[in-house]
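Next come the chains, spelled out residue by residue.
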There are 2 protein chains.
Amino acid sequence: MPDTHAPDTHADTFRVSTGPLPSSRKVYVPGTRHPDIRVAQREIDLEPASGEAPVAVYDSSGPYTDPDVAIDIRQGLPPLRAGWISARGDVETVAGRAPKPEDNGRRPGAAAATPAFDRADRPVLKARAGRAVTQLAYARAGIVTPEMEYVAIRENLGRRALAEKMERDGESFGAAIPDHVTPEFVRDEIARGRAILPANINHPETEPMIIGRNFLVKINANIGNSAVTSSVAEEVDKMVWSIRWGADTVMDLSTGTDIHDTREWILRNSPVPIGTVPLYQALEKVNGRAEALTWEVFRDTLIEQAEQGVDYFTIHAGLRLAHIPLTARRVTGIVSRGGSIMATWCLAHHRESFLYERFADICDICRAYDIALSLGDGLRPGSLADANDAAQFAELETLGELTTIAWDHDVQVMIEGPGHVPMHKIKENMDKQLALCGEAPFYTLGPLVTDIAPGYDHITSGIGAAMIGWFGTSMLCYVTPKEHLGLPDRDDVKVGVVTYKIAAHAADLAKGHPAARLRDDALSRARFEFRWRDQFRLALDPETAERFHDQTLPAEGAKQAHFCSMCGPKFCSMKLSHDLRAMADAEDGMAQMSEKFREEGGTLYVTE
Amino acid sequence: MPDTHAPDTHADTFRVSTGPLPSSRKVYVPGTRHPDIRVAQREIDLEPASGEAPVAVYDSSGPYTDPDVAIDIRQGLPPLRAGWISARGDVETVAGRAPKPEDNGRRPGAAAATPAFDRADRPVLKARAGRAVTQLAYARAGIVTPEMEYVAIRENLGRRALAEKMERDGESFGAAIPDHVTPEFVRDEIARGRAILPANINHPETEPMIIGRNFLVKINANIGNSAVTSSVAEEVDKMVWSIRWGADTVMDLSTGTDIHDTREWILRNSPVPIGTVPLYQALEKVNGRAEALTWEVFRDTLIEQAEQGVDYFTIHAGLRLAHIPLTARRVTGIVSRGGSIMATWCLAHHRESFLYERFADICDICRAYDIALSLGDGLRPGSLADANDAAQFAELETLGELTTIAWDHDVQVMIEGPGHVPMHKIKENMDKQLALCGEAPFYTLGPLVTDIAPGYDHITSGIGAAMIGWFGTSMLCYVTPKEHLGLPDRDDVKVGVVTYKIAAHAADLAKGHPAARLRDDALSRARFEFRWRDQFRLALDPETAERFHDQTLPAEGAKQAHFCSMCGPKFCSMKLSHDLRAMADAEDGMAQMSEKFREEGGTLYVTE
């Protein structure tokens, strides 16, 4: 049994959620160009009697679901990419910035509440002078990195098998999804700026993943520190728990004290890219007074996080002084925290945003560590009334300008999007983003398609997320049921992640990703053949599926039964269809089928 | 406090869920053409200090949420429409069909487990010989019935107020949604067959409602009897609980024993139209042997339910003998219970479906009681693999033929639709239905946009429901989290209804219904102004919204606080936006705004 609740019951230890999902094995697929690559994927074994092959699924959960890996968060994960990074010969070890008390929000001399992670064996790396160490730079130089081959294998999951079985359909709205993903295709998409592979050279623990319109739609989960944390394991487990259910990246949005040390623990133990909003930490360093922010404090924070290994930065550089008056008559003003911080700064100084003016300097930093930029939408609408307004689109236009600057610096970039948008205005967001930002990946929050359902905003936003994912968004930022109301707990995080896996997968299906329907078909066959356990195993959330089944039919025998609780044993439509199929298999025509059936007693249902 | 859990704690009484929703009042709007009409709607009162007007919302909950009405389910609801029906002079009291033991699935002489409802003061009505007593017949004759005026007022909710404030937007895909709903518009839509007003003359307790593409999107909740029922109140409360959260109609899909008597209790206490699948009861009468079904048994069941007051019948008359072989190679065969019953019958007798052959006779019955037909999609796909296949569309074509026959008999008709459909194939369903069925209302189950999330199928289907609602579906049949797995409990029903209210409302917004956004905007203003209690009150589920908020910030004072648990008091983007707005209100330009702000200390946030 997976030891999923360890952190709750043993909060004083260093244990996190481990163990495989039901009936699942970890398999590692080797590379061809780079034979040392071992791409992790999950295979779900089905009932042997079914004759069904195992179903391979994309696996974001990292080594935590591999029973052969001993997990010790004090050691961190193995630095999978360390050899690949050093082999390129373009980085050097640096002393690194000395930690400061304010990095953790502590007064000078105050004792640490969180123990420091022992990073002795993980040097701080930086690009050698003048070198661009980004996947974009390599891609443009025609180099297929091990990271690129890794994602090619990872994305490719089952496509060959499917290609033999069915014709592709789907409507991709101008995306260019290949039948088979090659490493060269990955390189080309990165070189064009249509995809990013977030991979800070100081975060060698990541299993490479890609974000782009021609790949599988990804999801992000946000986590943040707790007011009262009893252990670092609890903080690390928020990340582990999110990726267990399918989060492809995790954003650490912590504020307050101990955020530097907590982030270090998360990074050293995270197999997925970690994103942050550096502005939040910079604000802490000036005691929450936005107008006291300076480029120097902000720059120092970028270096601090770059050296720790943050893979992408949300930077609200598109919110310019001139945009602010456009928000004055909005129903919900500025709802982005980063956006409102910068608006405050701009007004206080009556100056153009320092993030905008210093954007090239920010790119120089990102270039030296391969940090991707996520250009924040500080003016995203916080209500339907403000959707697609002048403020939002003015900022988007600026984000397009900034994209070009990032690309000029060999920096990978994606664009953040709304927010609250009614269904009929969603596509305009996607179309404008593609046009203004040169097809750089879009990364959206929802959007929520109505404002009237607090408590259910994973659903209001899941509807919008599925649609905008279909239209072309590359990564969907999850929303939990607690959105607008409170802080998500462990169950909320799981519901948020599963809801967004639904949205992302629905988008993949509609776009016509060649392998997307394999799992649906396997589950539907299991359903039709009354393989209840296989239904649970193939579900996004096997535990909930089994629990719901057992609430009505708890007996173990019911899991072998050729009926379910909806129609009961007396008349089951699925059972009947089996008999119809058997009859159709006979070649002797409908009249004889009918006769045979009546001779056999005419009972197509299971008698009680 | 609403006494919502009475049935659980006093299962031996006749109590059901009553009491208003938080801060809500029942108001009754009088008619103009028919001054005795009193149209129920709900008004939500907001904080007096806010200066906000009460928000009027559509109210499906009936008298149960009116504290001035004494509820006694032994008496049933007042027969609201009795006078309107008799005033038309086209019905007569008949003796009615004598109840039979098999109506309740009992052996002759067996004792009743469910007490019979005392219907002494509610005569059984039937059309006088040759008369068509349907709303369609009246509409075609140019008559605006009280029912039609009732729905005009009911649908019109707030439209005038909105029309003054904002321009309409939205994409209605060819719908013809008026700025203002007049009784004449209602009549015209019914006459064209584009809308139905289900209103059996033997169910005078209904508050009239309309189902059609040019009206608000409606939702249906399914209920069924329990294996062990401790009281009729529990069965009635399933209906009451569903409409409390927003179900516009309720389908009683009970099977087994006591279904006649249970249905009587539900009908006499239901202010919303009740739908059934008469085939289910007919099957019970032949002991579950589909091939033993006869037209005579089926016809007798129609009369039985017609006299009780069922408002719409699902009839699977579109599944023809020749369609059955089209399903043999499907991944999930025939998943509709009604469909598989009829397929079994057709094969057993190698005959055309008696529902198809006797369809005109069925229409004659419906015409004499004003029962609307819901043409069942017996061949709806049960998996993505089977979506939009030859079997499904062959049946849809037949449903188009049957629609014409129903209209020829003055019978109101709507068409049922899928099922499991990936997003890119949803619109084709809507477009084909409109083309083949002459714009008769579409009534769809979901559709589910992926098969891989059992336990979350309210969400997989909510995504498809919102989209197909936008494209033109008139009523959405809800799906609960227990779909495919087990029987929904009280919480599942609520989650299913609220999810579908989200989908229906999102569709209304996207179609451009003039009044749809009033509630969103009111809630967003409340959010922006930190009126926490108003946020809860305006939410689809005020109890859950408040509970989620209180999990993080339980103190009563937090509900007056100008911050929330997401950003905390130190830096709140909403608070900041208020200050920005205040500054923008000053006329003296940006530079002065900035200066003033700094003079005031530069603190835009609430200090701790």
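Residues numbered from 1 in each chain as written. Chains lettered and ligands numbered in written order. Predicted model: local features only at pLDDT ≥ 70, side-chain atom pairs only at ≥ 80, totals over all residues. Heavy atoms only, no water.

Engineer: For the overall build of chain A, give the residues involved together with the corresponding values.
Structural biologist: Along chain A, the regular secondary structure elements total 22 helices and 15 strands. Within chain A, counting contacts between residues at least 6 apart in sequence, those at least 24 apart form 75% of the total. For chain A, the exposed surface amounts to about 19800 Å²; the carbon and sulfur share of it is 51%. (Helix = DSSP H or I, 4+ residues; strand = E, 2+ residues; numbered from the N terminus. Contact = heavy atoms within 4.5 Å. Areas by Shrake-Rupley, 256 points an atom, 1.4 Å probe, with all protein chains shown as cover.)

Engineer: How would you explain the pairing of strand β12 (residues 372–375) of chain B if you had to name every residue and give the values?
Structural biologist: Residue and element names in this part refer to chain B. Burial along β12 is two-sided: the residues A372 and S374 and L373 and L375 are all buried. Relative to β12, strand β11 (residues 312–315) runs parallel, the two sharing four bridges. By the bridge assignment, F313 is partnered in β12 with L373. Of the crossover connections in this fold, the one passing from β12 over helix α14 (residues 390–408) to the parallel strand β13 (residues 413–417) is right-handed. (Buried < 20%, exposed > 50% of the residue type's maximum accessible area, 1.4 Å probe, protein only. Pairing = 2+ DSSP bridges. Right-handed = clockwise from strand over helix to strand, strands pointing away.)

Engineer: I'd love a proper account of the UniProt feature "binding site: Zn(2+)" (unreviewed entry) in chain A, names of residues and values included.
Structural biologist: When the UniProt feature table is mapped onto this chain numbering, "binding site: Zn(2+)" (unreviewed entry) sits at A:H420 and A:H484. These annotated residues cover 65 residues of sequence, but their C-alpha atoms sit close together, with the largest distance between any two at 12.2 Å. Its relative accessible area of 6% is what places A:H420 among the buried residues. Filtering out sequence-adjacent residues up to four positions away, A:H420 remains in contact with A:P381, A:G382, A:S383, A:L384, A:A387, A:L448, A:D451, A:H484 and B:R527. Summarising the element assignment, A:H484 is placed in the loop between β15 (475–477) and α17 (490–511). Polar side-chain contacts of A:H484 include one of 3.3 Å to the side chain of A:H420. (UniProt positions renumbered as here; feature names shortened; annotations may be inferred. Polar contact = N/O pair within 3.5 Å; in protein donor to acceptor, adjacent residues only side chain to side chain.)

Engineer: So what about the pattern of salt bridges? Which residues, and what values?
Structural biologist: All names here are of chain A. As enumerated under the stated definition, the model contains 108 salt bridges over all chains in all. Linking R490 and D237 is a salt bridge whose minimum nitrogen-to-oxygen distance equals 2.8 Å. Placement of R490 in helix α17 and of D237 in helix α7 (residues 232–245) is noted, with a sequence separation of 253 residues between them. Take R490: its relative accessible area is 18%, and that puts it in the buried class. (Salt bridge = Lys/Arg side-chain N within 4 Å of Asp/Glu carboxyl O.)

Engineer: Provide a residue-level description of the environment of B:L436, including the pertinent values.
Structural biologist: In this fold, B:L436 is placed in helix α15 (residues 426–436). Once the C-alpha coordinates of B:L436 and B:G19 are considered, the two residues, 417 residues apart in sequence, prove to be 45 Å apart.

Engineer: Quick one: what's the story with the nonpolar core, residue by residue and with numbers?
Structural biologist: Across soluble globular proteins, nonpolar side chains have a tendency to be buried as a group. Counting residues in each nonpolar core, the largest one holds 295 residues, and the members touching the most others are A:L373 and B:L373. If we ignore the near neighbours within four places in the chain, the residues touching A:L373 are A:F313, A:I315, A:F359, A:I362, A:C363, A:C366, A:A406, A:V411, A:Q412, A:V413 and A:M414. (Core = buried A, V, L, I, M, F, W, Y, C linked by side-chain atoms within 4.5 Å.)

Engineer: Can you tell me about helix α18 (residues 517–528) of chain B, naming the residues and giving the values?
Structural biologist: Residue and element names in this part refer to chain B. Its 12 residues give α18 an end-to-end C-alpha distance of 16 Å, which sits within 8% of 16 Å, the value for a rise of 1.5 Å per residue. All of the buried residues along α18 are R517, R519, D520, D521, A522, L523, S524, A526, R527 and F528. Note on α18: the residue one or two positions beyond its end, F530, has a positive phi of about 60°. (Expected span 1.5 Å × (residues − 1).)

Engineer: Any chance you could break down the sheet that holds strand β1 (residues 24–30) of chain A for me, citing the residues and the numbers?
Structural biologist: All names here are of chain A. The three strands lie next to each other as β1-β2-β3, forming an open sheet whose pairing is antiparallel. Across the chains shown, the open sheet's two edge strands, defined by having one partner strand only, are β1 and β3 (55–57). The mean inter-strand angle of the sheet, taken between neighbouring strand axes irrespective of direction, is 40°. In this structure, β1 lies alongside strand β2 (residues 38–44), joined through seven bridges in antiparallel fashion. By the bridge assignment for β2, S24 is matched with I44. (Axes fitted to C-alpha atoms, helices over the stretch in contact; angles between N-to-C directions.)

Engineer: Give me the packing of helix α9 (residues 278–285) of chain B against helix α11 (residues 337–349) of chain B: which residues, what numbers.
Structural biologist: Residues and elements named next belong to chain B. Viewed as axis vectors pointing N to C, α9 and α11 meet at an angle of 50°, and their least axial separation amounts to 10 Å. On the basis of the axis angle, α9 is oblique to α11. Here the hand of the crossing between α9 and α11 comes out left-handed. Between α9, through L279, Y280 and L283, and α11, the contact on the second element is made entirely by R337, G338, I341 and M342. Of the residues assigned to the contact of α9 with α11, the class counts are five nonpolar, one polar and one charged. (Parallel < 35°, antiparallel > 145°, perpendicular 65-115°, else oblique. Left-handed = near helix turned anticlockwise from the far one by under 90°. Nonpolar A, V, L, I, M, F, W, Y, C, P; charged D, E, K, R; others polar.)

Engineer: Tell me about the UniProt feature "domain: ThiC-associated" (unreviewed entry) in chain A, and name the residues and values.
Structural biologist: Per the UniProt record, the feature "domain: ThiC-associated" (unreviewed entry) sits at residues 20–92 of chain A. For the annotated span residues 20–92 of chain A, helix accounts for 8% and strand for 26% of the residues, and the straight-line distance between the end C-alpha atoms is 38 Å.

Engineer: Explain the packing of helix α7 (residues 232–244) of chain B against helix α8 (residues 259–268) of chain B residue by residue, including any values.
Structural biologist: Residues and elements named next belong to chain B. In the contact formed by α7 and α8, the axes pass within 9 Å of each other and the chain directions differ by 50°. Taken together, the axes of α7 and α8 are oblique relative to one another. Considering the relative orientation of α7 and α8, their crossing is right-handed. Side by side, α7 and α8 meet where V232, E235, V236 and M239 of the first sit next to T262, W265 and I266 of the second. Residues that form the contact of α7 with α8 fall into these classes: five nonpolar, one polar and one charged.

Engineer: So what's going on with unusual backbone geometry? Residues and values would help.
Structural biologist: Across the junction of A:P418 and A:G419, the peptide omega takes the value 5°, indicating a cis bond. Secondary-structure assignment places A:G419 in the loop between β13 (413–417) and α15 (426–436). Even without being glycine, B:E439 reaches a positive phi, approximately 70°. Within the secondary structure layout, B:E439 lies in the loop between α15 and β14 (442–445). What makes B:E439 partly exposed here is its relative accessible area of 26%. We note that B:H484 has phi near 75°; this positive angle belongs to a residue other than glycine.

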